Structure formats: C-alpha cells, structure tokens
Amino acid sequence: MTDRVARVGAWLDERAEEMARFLERLVAVDSENPPGRALGRCARLLREEMDRLGLSPEILGLPEAPGDLEEPCLVRGTAGDGGGLVYFHGHFDVVPAQDRAQFTPVRREGKIVGRGTADMKGGVVGMLYGAAAARELGLLGDGRIVVHLVCDEETGSVAGSGHLRAAGLIDPAARAMLTAEPSGGSIWNAARGAISLRVDVQGREAHVGQANLGVNAFQHMLHLARPVERYAAEMAGRHTDFPMGPGDAPGSMLVVGGLSGGGSNFNVVPGSAYFTVDGRFNPEEDLDGELKRLTGLIEDAAREIGATVAIRTTQVQPSASTGPDHPAAAALARVVGEVQGGPARFELCPGVLETRWYAQLGIPAFGYGPGRLEVSHGPEEYVEEAAVRRCAAVYALYAGDMLG
Ligand SMILES: [Zn+2]
C-alpha cells in the first residue's frame, strides 16, 4: 500500500462507525421514487451531515418540478475553494421497496442491508467523506470539489439534473465528474442511452353477443407488438465494442410489454389497449434514428390493419462515453488500481447514467461506486462497509490528482 493510500485510509477508518451510522440514518428515510416521497427530509439530513463535515451545504428547491415529487430539491456542497473543479454527483431517491422492512437497515458481517444501500446512499456517504478527507488532508491544492445530490434519478432526473443543466450550474470547464452508482469496483466509462414509449390502441366496445359490431383493440395491439418484438431481437444481436461486466449482454436491450392492459370487462370487446416499450441502447447506436425506425414500424403495422394508434415518447436519454485513454480516465484507473491493489476494469454500464448530463458538455465523466448492480433494486440490497471506505479513498485521491 502506498503512503498516501494509507493516510487517507486511516482518516476514513477512524470514521468507520460514524459513516456506517450515517448511512443507516439515510436508509431509514423512505425516499421512494416513484412517487418521490420524503425528499425534503432526506435533503435536510444530508445538509446536516455535510455541514458537520465542513462541505458548506445548501438546499436548492425545485418548485417547478413535474410529477408528484414531495419537496423536490437538490443539495449542493463544496470542498476547497480553488479554481480547478471536479464534480461528485449522486442521488438520494431510491426505487420502491419490496418490503417496508428495507427501511430498517440491518448491519451484519461487515454489510449494511436495506433499500438504497447500493443504489446509491452508500455511494453518497463515500462521496461526502471522500470530499471531506480530501480537504482536511490538504489534497485539493488550487482546486475544489462541488457535490451535487439530486432527488429524482430513478425517474429520469428531469427535475434535478435537468435543473442543473438548464440553470447553467454545470461548468463545462470542470476537469472530471464522478458518480457513485453501483459499479462494483469497475469503472463505468460508458453508459447506454434510453428510449421509452407508450403505445395506445383505440377500438370500439361492443357486448360479447354482438362482438361483430366492435373493434377489438387487443387484437390490434398484438399486431402492433409483433414487429416491435422482431426489432427487439434484431437489436439484441447488435453488439457493443465496449467491454461489459460478467453476465451483461452485449446487445441493446428492449422490454416489450413491461406494462400492458386495456378493456373494461371479460364480456366486452376491448375498446382500448396499451403496451409500453423500454429500450437501453448501446453507445454505438444513433438514438434519434432508432426512435424514428421504432415508431415507423408501429405506424406501418397500424396502417396495414387500419388500427388507430397513439405513440407517446415518455423518455429519450442519450448515451455517454469517455474513452479509456482520456487522461482523466487513465488517472482514475491509476487511483483505483492503487487503492484496490489490482488493475482497474473499464466497463459499459448496462443502463443509463447521470454521467450523460456532464459528458454532453465535454466533461470526462465516470460511474464508480461501492454497491453491486446485481443486488440494486432487489429485496436483499446491501453494501459492504469496507467498499464504501475504499471508494471514499478513491474519490479523495482522484480529486487530489485532478486538482492538486
Ligand atoms: Zn442509482
């Protein structure tokens, strides 16, 4: 172990208990999104801890936010005051729990189990303590870390990161951005783009005894879904050149019919039917072109049978990537190798990442966090306490290398 890893590690180890206790308190706030509950309460808890850590926190309210978010806001903090800038970015909303007991965190065998521990309250704790360590140990030279914590990542971050971008709060001159998503110790230097659609088919209701007078929206929907399924199979066969984690498929991924439904009763010809399409597209794909192709397939199928269809695009999120040879990527790989004691792995994140909001402005942006993707969003979600401290050390040393 190098001297500087030992020094940062010692600073963090001294605070291992307070880090774990703070994570437990964060997990106990049920900031489920959707619907976006308890966001203000979670933000105030973060502000209190950031204040204690000397990170000059402020809460920015987002009164214009769409949807049902409760007290939508973002939390911003700073370590250091120099001209150079590195962003630490996280989110404090969590996906809905499988069981309310997930909001009572359990600490056992070096792990903390509970909703949001991996995705990504554990990572947020690592970032806050990493930023504090960097400042207190004098690593930041003539630079500063700005921390952005948003409230609605799990539903696309329109309110949080959307506001950061719209209000010009992301400085394109920043040297790098890190987000603590559950990469399991790998570096996510690329992430997929997303397209989500809802397809509504209209028919005409009629009693089963006079079904001949109706127009069956369900039958029409089946006809429209078929070409989308063929499209999904084709996209699954178009592989990315980016390395991926074990178990991750190299094709673009689509779910057809994640939500579907319609009709008013078993004995009535359904007058309406709908299904959703949700896709995660490799960075090599042209998202706008694929959106046109996908909606074209559905419209063509509707024309064939005279179906009435409305297609609503509910989400388009661009992919993001920073090459592994970029100096900011190489620097991160060096620090990760130094702290983890082995070569760092670059991988494509199989989902979307908030790195896109920064990468679009030309900022090198990476996902790197202590959680594991395979337990995130699941009933047994956990994070290892030692992994949180390891990541915190990486955050501190990386900021130091980029700024010092
Ligand atoms: Zn996340």
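Residues numbered from 1 in each chain as written. Predicted model: local features only at pLDDT ≥ 70, side-chain atom pairs only at ≥ 80, totals over all residues.

**Student:** Whenever I open this one, the overall build of the protein confuses me. Can you help?
**Tutor:** Along the backbone of the protein there are 10 helices and 16 strands. Its C-alpha atoms give the protein a radius of gyration of 23 Å, within 12% of the compact-globule value 22 Å for 404 residues. The C-alpha extent of the protein, read off along each of the three principal axes, is 80 × 40 × 40 Å. By the burial criterion, 49% of the 404 residues in the protein qualify as buried. Within the protein, residue pairs in contact and separated by at least 24 positions form 79% of the contacts whose partners lie at least 6 positions apart. (Helix = DSSP H or I, 4+ residues; strand = E, 2+ residues; numbered from the N terminus. Rg over C-alpha atoms; globule rule 2.2 N^0.38 Å. Buried ≥ 20, exposed ≤ 12 C-beta atoms within 10 Å, placed from the backbone. Contact = placed C-beta atoms within 7 Å.)

**Student:** Just checking my understanding: could you explain the nonpolar core for this structure?
**Tutor:** Generally speaking, nonpolar side chains in soluble globular proteins are found buried as a group. One finds L128, A131, I145, V394, Y395, A396 and A399 to be the most contacted residues of the largest nonpolar core, which totals 115 residues. Among the elements that make up this core, the one with the highest residue count is helix α10 (residues 385–403) (13 residues). Split by domain, the residues of this core number at least three in each of domain 1 (3–191 + 319–403) and domain 2 (195–317). (Core = buried A, V, L, I, M, F, W, Y, C linked by C-beta atoms within 7 Å. Domains from an automatic or database assignment.)

**Student:** What is the right way to look at the packing of helix α1 (residues 3–13) against helix α4 (residues 117–136) in this model?
**Tutor:** To describe two helices that pack against each other, one gives the angle between their axes and the distance between the axes. Packing of α1 against α4 leaves a shortest axis separation of 10 Å and a crossing angle of 120°. Judged by the angle between their axes, α1 and α4 are oblique. The crossing of α1 and α4 is right-handed. Between α1 and α4, the contacting residues are V8, W11 and L12 on the first element and Y129, A133 and E136 on the second. (Axes fitted to C-alpha atoms, helices over the stretch in contact; angles between N-to-C directions. Parallel < 35°, antiparallel > 145°, perpendicular 65-115°, else oblique. Left-handed = near helix turned anticlockwise from the far one by under 90°.)

**Student:** Explanation requested: the packing of α1 against α10 in the structure shown.
**Tutor:** At their nearest, the axes of α1 and α10 sit 10 Å apart, and the two run at 125° to each other. When the axes of α1 and α10 are compared, the pair comes out oblique. The chirality of how α1 crosses α10 is right-handed. Here R4, V5, V8, G9, L12 and D13 of α1 come into contact with α10, specifically with R389, A392, A393, A396 and L397.

**Student:** Where do I start with the sheet that holds strand β5 (residues 111–113) in this structure?
**Tutor:** Adjacent strands of a sheet pair through backbone hydrogen bonds, lying either parallel or antiparallel. Spatially, β4-β5-β16 is the arrangement adopted by the three strands of the open sheet, whose pairing is antiparallel. Where the open sheet ends on each side, the last strands, each with one partner, are β4 (106–108) and β16 (382–384). Going across the sheet, the axis of each strand differs from the next one's by a mean of 20°, ignoring polarity. The pairing of β4 with β5 spans three bridges and is classified as antiparallel. Along β5, the bridge assignment pairs V106 with V113. The strands that α4 touches are β5 and β16; relative to β16, the one it contacts most, it runs at about 40°. (Pairing = 2+ DSSP bridges.)

**Student:** Looking at this model, I keep getting lost on the sheet that holds strand β12 (residues 308–317). Mind explaining?
**Tutor:** Across the sheet, four strands lie side by side as β10-β11-β9-β12; this open sheet has antiparallel pairing. Strands at the two margins of the open sheet, each flanked by one partner only, are β10 (253–262) and β12. On average, adjacent strands in this sheet sit at an angle of 15° to one another, irrespective of strand direction. Across 10 bridges, the pairing between strand β9 (residues 193–202) and strand β11 (residues 272–281) is antiparallel. Opposite V199, over in β11, you have F275 as the bridge partner. Where helix α7 (residues 287–305) meets the sheet, its contacts fall on β9, β11 and β12, and the angle it forms with β12 comes to roughly 165°.

**Student:** Help me out: how do you make sense of the domain arrangement of the protein in this one?
**Tutor:** Quite often, the size of an interface is put as the accessible area lost when its parts meet. As assigned here, the protein comprises domain 1 (3–191 + 319–403) and domain 2 (195–317). Each of domain 1 and domain 2 has a C-alpha centre, and the two are 35 Å apart. The biggest single contributor to the side of domain 1 that touches domain 2 is strand β14 (residues 346–349), with three residues. A per-class count over the side of domain 1 that touches domain 2 returns five nonpolar, five polar and two charged. (Nonpolar A, V, L, I, M, F, W, Y, C, P; charged D, E, K, R; others polar.)

**Student:** Would you take a moment to explain unusual backbone geometry for this structure?
**Tutor:** A negative phi angle is the norm for most residues apart from glycine, just as the trans form is the norm for most peptide bonds. Residue N33 is joined to P34 through a cis peptide bond whose omega torsion reads -5°. Along the chain, D119 connects to M120 via a cis peptide bond; the corresponding omega equals -15°. Considering the arrangement of structural elements, one finds M120 in helix α4. We note that A38 has phi near 55°; this positive angle belongs to a residue other than glycine.

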